[in-house]
Amino acid sequence: MWYQAGRFILRYRVGLLIFLLLATAFMGWQASKVQLSYDFTRALPTDNPKYVDYQAFLKQFGSDGNTVVIGMDADQFYNVNYFNAVADLHQRLKKVPGVKEVLSVPEALNIINDTIQQKLVPQRIFNYPYQTNAALDSARSVFENLPFYRSLLYNPVTNAYLMGVTVDKDSINSKYRSTLINDLLAETQKFETATKTTLHVSGLPYIRTVMGDRIKREMNWFLIGSLVLSAITLLIFFRSFSAMLMSLIVVGMGVVFSLGTLVMLGHKITLLTALIPPLVVVIGIPNCIYFLNKYHTSYREVRDKNEALVQMVGRMGIVTLFCNIAAAIGFAVFALTKSDLLKEFGEVAGINIMLLFFISLIFIPPVLSFLPAPKAKHTNYLDNAFLSKILVKIERWAFHHTKMVYGVTIIVTTISIVGIFKIKSEAFIVDDLPKGDVIYTDLKWFESNFDGVMPLEIVIDTKKKNGLVRSMKPVAKIDEFSAWLAEDSSTARPLSLVEGLKFAKQAFYDGDSLSYAIPYESDLAFIGPYLKEKNDSGPRQVTPMTKLLNNFIDSNRQKARISVNMKDIGSARLPVLLNRFEQKSRELFDTANYTVTFTGSSVSFLEGSSFIIRGLKESIFWAFLLITLCMLYLFRSFRILICSLIPNLVPLVVTAGVMGWSGIALKPSTVLVFSVALGIVIDVTIRFLINYKQELPLHHGKVTPTLVQTIRHTGISIIYTSLVLIAGFVIFCFSEFGGTNALGWLTSLTLVVGTITNLILLPVLIISFLRK
């Protein structure tokens, strides 16, 4: 069948090439419409409890995690010139498009008791610009007498000060997010230049935007780098610009098809789908190498170009098809998960790995038919003396050192299994960043001075309309819970309606800081009128105090919100921390009258990372199972199946063991190694065994001469392919992100081990299990 396919392709080569070029042009037009995704909650399925809770919170209270924080170490903060510069920065930041609100010390408000109107009136504390320190010091004493701002805008112990910049949700979740963050950074840089000081910037919108932009830039460079390295390696091997250019065109079309498929399926580029173009390059190159290698081998035998091309398709068509099927299965199983991110990645990767096969099959034979027949210099690599010596040694190890091969395999596998038990599964918001990176150091500065900036939201539901205002009992419970949370080393001082009521009580008692406490039942008789919305005449008038309180309670006065900033403690510690919080909440809030929910973008983000890791683990299991069934169908032999699986399991076990011994945690980027490596290493096994199966009748069913011929025929192409793939993945080792860096060298390690096991261990297993 495949020989007939080869003749068909050559007969209709012009039409097939035109069809392929038109299809590529169409997919290129589709690819031009590709967009980036800025939704970071899609890692979770819509029926996940964490996702449901977070969406309910957003519907009730609006967005969270939309604040960029700017910090400063400033012993000279209340120096006239420096303070005026901070005030000027505040005004400039307010003018940046996309900024909704700025909270800082120069614009801090005090609340004054207007006994005549019976309302609490906001009043600015600082009337800048200041000319003298005396006036500034007077306002400073008023400000520092307000406990509400303590640890919120400043840390009196470390002399650290903070500005909070609330950005528009639609802007920060759009393609303009980079412009918004860059505009903010431009203003901070002007301040640093003018004052000769250093500012610290952090917050979830800032971290996500900067890291997303860096990853995008890296992926572009890595795509170019993998193409360049692959091109150089191909040129060194084949000594032919036409062969190199042809291979690059094949993977280039694969990249165009992958981006076009993304658009046609209605998807956008995410952190996972951004990996598909580089993966298409490194997976598409082996197709080209194996086709070219078989073409050159056949041409040397028959000395006829067209007949060599027919043999190339006839011998390598089935091999390449099943190799691509195996690789496609390795990725397509992600589409079986409930996570939209993994589904999109699995669909696009699986489809385009199969499309790579058809692109290679339709493009390579016709192009080669138009090119001149290969010259001697183009096929000299088949007689590479160095590789020939290596293959001779491989034959010797396989036939004469069987026990040593088994012994080394058992020892290495045992050590690796011990390492597997040392692997930890953990993800952080600032995962993979070097410890010296400014994002990491600034985040740690905020954690040491303000106990973190990652948002945690707690919703207290009284289950009754006006349940929060019927008595002071719920308020007292919230105050006790907030005080307990504030004592935890992982969280900052919580903000809730309790802090607003304390501020109101202090204002009612003429600013006495000792009155900063929750009102008693008796206090409400006097303070109550100050907290109500005025509607004596005309429309309702929302007072500043009611506006403050409304940010933390719903319109029915049934649910209260506690906003807590926390440290980036990671996905391993977060469940433990939340369990402690939940236990304490059950002690304070009986389940019959209250429901307490823990949510927030930090919880959703880390839960999403954990969900992706679990999904990847399950997908690898299903991929291995499906590939096993595919191998069983292909070879129809249980013994060959066993022989084929062991050389593929060993590299994965070794890589996992190295991760454990090296202290590399399981996270989305590192778990992806196993799926990528499984799809590539199984290719080598399939090519080796199909060639063995094809050679077996030519040697009258004798195992030993068939193995010798198979090692010599496929060994060179396997080694060349592995070197090209390693060159393609090594580029990831230059990433500044630890996970991407690990993806590069761990995948390269897996490929090296996989090449060794398939060229040495696989023949040994065949000799042991298939003597007849």
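The preceding data block contains the structure.
One structure accompanies this document, and this report is about it. A quick note: this is a predicted structure, and the numbers were derived from the prediction, not measured.

Moving on, we get to the pattern of salt bridges. Evaluation of the coordinates by the stated rule reveals 14 salt bridges. With its nearest N and O atoms 3.0 Å apart, the salt bridge here joins Glu144 to Arg140. Residue Glu144 is classed as partly exposed on the basis of its relative accessible area of 28%. Overall, Arg140 belongs to the partly exposed group, its relative accessible area being 29%. With a shortest N-O distance of 3.8 Å, Lys190 and Glu187 are connected by a salt bridge. Residue Lys190 and its partner Glu187 are located together in helix H7 (residues 177-195), separated by three residues, close to a single helical turn. Each of Asp88, Arg92, Glu187 and Lys190 takes part in salt bridges that share partners, so that together they form one network.

For the rest of this paragraph, the subject is the pairing of strand E4 (residues 119-124). Examined bridge by bridge, strand E3 (residues 109-114) and E4 share six bridges and lie antiparallel to one another. Residue pairing for E4: Leu109 is matched across the bridge by Arg124. The loop that links E3 with its antiparallel partner E4 comprises four residues; one of these, Gln118, has a positive phi angle of about 55 degrees.

Within the largest apolar cluster, 246 residues are counted, with the highest numbers of intra-cluster contacts made by Phe77 and Phe126. With 16 residues, helix H24 (residues 668-695) is the single largest residue contributor to this core. Residues within four places of Phe126 in sequence aside, it is in contact with Tyr78, Phe83, Val105, Pro106, Leu136, Ala139, Arg140 and Phe143.

Looking now at the side chain of Thr491. Here Thr491 shows up in the loop between helix H17 (473-486) and helix H18 (497-508). Not counting the four nearest positions on each side in its chain, Thr491 is found in contact with Asp451, Leu485, Ala486, Val564, Asn565, Met566 and Phe581.

Another point: the packing of aromatic side chains. Inspection of every chain in the model, using the stated rule, returns 36 aromatic pairs. Here Phe446 and Phe450 contribute two aromatic rings whose centre-to-centre distance is 6.5 Å and whose plane-to-plane angle is 40 degrees, an arrangement assigned as tilted. Of the two residues, Phe446 and Phe450 both sit in helix H16 (residues 438-450), four residues apart, roughly one turn of that helix. We note that Phe446, like Phe450, is buried. Arranged with centres 5.9 Å apart and planes meeting at 85 degrees, the rings of Phe481 and Phe589 form a pair that is edge-to-face.

Turning next to the sheet that holds strand E9 (residues 559-566). Read from one edge to the other, the open sheet built from three strands follows the order E9-E8-E10, with strand pairing classed as antiparallel. Every interior strand has two partners, whereas the edge strands, E9 and strand E10 (595-599), have only one. Going across the sheet, the axis of each strand differs from the next one's by a mean of 20 degrees, ignoring polarity. Pairing geometry for strand E8 (residues 454-461) and E9, over eight bridges, is antiparallel. When the sheet's bridge partners are listed, Ile458 is paired in E9 with Ile562.

With 27 residues, helix H10 (residues 276-302) extends 39 Å from end C-alpha to end C-alpha; this agrees with the ideal 39 Å at 1.5 Å per step. Most of H10 sits inside the fold, with 24 of its 27 residues counted as buried. Backbone geometry just after H10 places Arg303 at a positive phi near 60 degrees.

A word on the packing of helix H1 (residues 2-11) against helix H12 (residues 340-370). For the pair H1 and H12, interaxial distance at closest approach is 9 Å and the crossing angle is 60 degrees. One element, H1, and the other, H12, form an angle in the oblique class. Relative to H12, the crossing made by H1 is right-handed. On H12, the residues that touch Trp2, Ile9 and Leu10 of H1 are Phe357, Leu361, Pro365, Pro366 and Ser369. The class makeup of the residues in the contact of H1 with H12 is seven nonpolar, one polar and no charged.

Another point: unusual backbone geometry. Of all residues except glycine, most have a negative phi; of all peptide bonds, most are trans. The omega torsion across Tyr128 and Pro129 is 0 degrees, close enough to zero to call that bond cis. Its identity is not glycine, yet Asp451 carries a phi of approximately 60 degrees, on the positive side. Relative to the assigned elements, Asp451 resides in the loop between H16 and E8.

Thresholds applied
Residues numbered from 1 in each chain as written. Predicted model: local features only at pLDDT ≥ 70, side-chain atom pairs only at ≥ 80, totals over all residues. Heavy atoms only, no water. Salt bridge = Lys/Arg side-chain N within 4 Å of Asp/Glu carboxyl O. Buried < 20%, exposed > 50% of the residue type's maximum accessible area, 1.4 Å probe, protein only. Helix = DSSP H or I, 4+ residues; strand = E, 2+ residues; numbered from the N terminus. Pairing = 2+ DSSP bridges. Core = buried A, V, L, I, M, F, W, Y, C linked by side-chain atoms within 4.5 Å. Contact = heavy atoms within 4.5 Å. Phe/Tyr/Trp six-rings, centres within 6.5 Å; stacked < 30°, edge-to-face > 60°. Axes fitted to C-alpha atoms, helices over the stretch in contact; angles between N-to-C directions. Expected span 1.5 Å × (residues − 1). Parallel < 35°, antiparallel > 145°, perpendicular 65-115°, else oblique. Left-handed = near helix turned anticlockwise from the far one by under 90°. Nonpolar A, V, L, I, M, F, W, Y, C, P; charged D, E, K, R; others polar.

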